[in-house]
Amino acid sequence: MDKIIVVGAGQAGASCVAKLRAEGFEGAITLIGEEPVPPYQRPPLSKAYLLGEMELERLFLRPEAWYGENGIDLRMGAKVDAVDAAAKTVSVGGEMLEYDALVLATGSTPRRLPANIGGDLAGVHVVRTLADVDAMAPEVTADRRALIVGGGYIGLEAAAVARKRGMDVTLIEAAPRILGRVAAPETADYFRALHEGHGVKILEGIGLTCLNGVDNRVVGAILSNGEEHPYDMVIAGIGILTNDALAKMAGVTLDNGIATDAHGRTSDPSIWAAGDCASLPFGGVRIRLESVQNAIDQAEAVAKNILGADQDYLPKPWFWSDQYDVKLQIAGLNMGYDRVAVRDGGAARSHWYYEGDRLLAVDAMNDPRGYMIGKRLIEAGKSPSAEVVADPESDLKALLKA
Ligand code: FAD
């Protein structure tokens, strides 16, 4: 193994190359990223960075010099436009590069509002890249009106920032409730109340019919209930599509993203995948995880397996979200839950997801202790009774010893 190419200089790509060097790989590593900046963290884009409370430099995962110092050929602003899996080459800007192992860490692209309903008007934004947020931030100012389309975590975080900046904010969610795809009704109720308490208008079961424009700039919207309102800007948080064009070109199996085995290897033995773009086997089904922790852990597992570790990647899912003064921390995956135990400790609150008697996941709001203990219980395969957990007087720590 002499030459490793990693396509996608995001969280997963950066973690993979760092791990390759940390594990002692001495061959050539090329990290190729389409964005014109070194790898950076995305979570602050819809939180502190959009709010103007975080410096650009703090977004970067490592200083740019680190890559050169570690013998990593970091190519920025460079898009890989073709893969030839038989010849084991990729093409970037007309140059052909050979690989022994190729890692696809190409991430995902936000879904956009369709152009035929005004999705291409100026003032309509998505939140994925630094460039997206730099373009949007000057419009997030006091006394303007924002329409947020989509009540998932990205939409809710954007709504919180817009509100904190003094905007008049309406959030619409076409599904019957916010967070429908990712959280229980109890968690949705909590965040709905939080936002409404801060003055956000949340409209559930209401979609977007079309955006109105004047001089090619958004000025308002017609909602699916027939109402028409003026808006100065729109932020769409309506999900993502995996970047799998190169995988398709390479002829590897796709299944809700780039399908890998438990080692992170695709159906082509020389091609691996990690991060948002990869789907992996987990508990008898195939899942894709859109989180920083997964991007890091899966990419590190791929790095080790490329070098022969022969280890399965076992995701230990966790996620967080910041909205106003609430920090949400999620441990585990709630897929398949049939009931939720609510532990209401006043300011600290946690929602525990069960399938039968088995604890699957915990949503903890301003409750780092509930989160930490829940995470450790899930990782240890322990399931305390839902009744005990729901009693705010019960000693959570004691459950770890049980
Ligand atoms: P990315 O970080 O998207 O990196 C992929 C890179 O590949 C991109 O830079 C892309 O330009 C590049 N690329 C694609 N195709 C090519 C090509 N052909 N040639 C060259 N380069 C290419 N997760 C959490 O756990 N907690 C959070 O609070 C949280 N908040 C988030 C907030 C926002 C606004 C966003 C957008 C995401 C958030 N996430 C959060 C999710 C998390 O950031 C992602 O799961 C993570 O960044 C995935 O990393 P990745 O490396 O797979 O993809």
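Since this is a predicted model, take the numbers as computed values, not measurements.

So, the sheet that holds strand S9 (residues 124-126)
- Spatially, S9-S16-S10-S11-S12 is the arrangement adopted by the five strands of the open sheet, whose pairing is parallel. Edge positions in the open sheet fall to S9 and strand S12 (201-204), since each of these has one partner strand only. Across the sheet, the mean angle from the axis of one strand to that of its neighbour is 20°, orientation sign disregarded.
- In the sheet, S9 pairs with strand S16 (residues 233-236) via three bridges, with the strands oriented parallel. Directly across from Val 124, in S16, lies its bridge partner Val 234.
- Lying on the sheet, helix H5 (residues 153-164) is in contact with strand S10 (145-149), strand S11 (168-173) and S16; it crosses S11 at an angle near 170°.

Examining the site of the ligand
- Close contacts around the ligand come from 32 residues, with Ala 12, Glu 35, Lys 47, Arg 128 and Asp 276 the closest.
- A distance of 2.8 Å separates an oxygen atom of the ligand from a polar atom in the backbone of Trp 320.
- If the ligand stood free it would expose 1,000 Å²; the protein chains cover 95% of that surface.
- Of all elements in the fold, only helix H1 (11-22), helix H8 (292-306) and strand S22 (318-323) reach the threshold of two or more residues within the shell around the ligand.

What about the domain arrangement of the chain?
- According to the domain assignment, the chain contains domain 1 (3-109 + 240-306), domain 2 (112-236) and domain 3 (325-399).
- The straight-line distance from the C-alpha centre of domain 2 to that of domain 3 is 30 Å.
- Between domain 2 and domain 3, the residue contacts involve 11 residues of the former and 12 residues of the latter.
- Carbon and sulfur atoms make up 62% of the surface buried where domain 2 meets domain 3, a total of about 880 Å² over both sides.
- The three residues of domain 2 that bury the most area against domain 3 are Glu 186, Thr 187 and Tyr 190, which together make up 48% of that side's buried surface.
- Seen at the junction of domain 2 and domain 3, the total is zero salt bridges.
- For the pair domain 2 and domain 3, the number of links is four residue pairs in polar contact (both at pLDDT 80 or more).
- Counting residues per element, the side of domain 2 that touches domain 3 draws most heavily on helix H6 (residues 185-197), which supplies six residues.
- Among the residues making up the side of domain 2 that touches domain 3, the classes are represented as eight nonpolar, one polar and two charged.

Conventions used here
Residues numbered from 1 in each chain as written. Predicted model: local features only at pLDDT ≥ 70, side-chain atom pairs only at ≥ 80, totals over all residues. Heavy atoms only, no water. Pairing = 2+ DSSP bridges. Helix = DSSP H or I, 4+ residues; strand = E, 2+ residues; numbered from the N terminus. Axes fitted to C-alpha atoms, helices over the stretch in contact; angles between N-to-C directions. Contact = heavy atoms within 4.5 Å. Near = heavy atom within 4 Å. Polar contact = N/O pair within 3.5 Å; in protein donor to acceptor, adjacent residues only side chain to side chain. Areas by Shrake-Rupley, 256 points an atom, 1.4 Å probe, with all protein chains shown as cover. Domains from an automatic or database assignment. Buried area = accessible area lost by both parts, 1.4 Å probe. Salt bridge = Lys/Arg side-chain N within 4 Å of Asp/Glu carboxyl O. Nonpolar A, V, L, I, M, F, W, Y, C, P; charged D, E, K, R; others polar.

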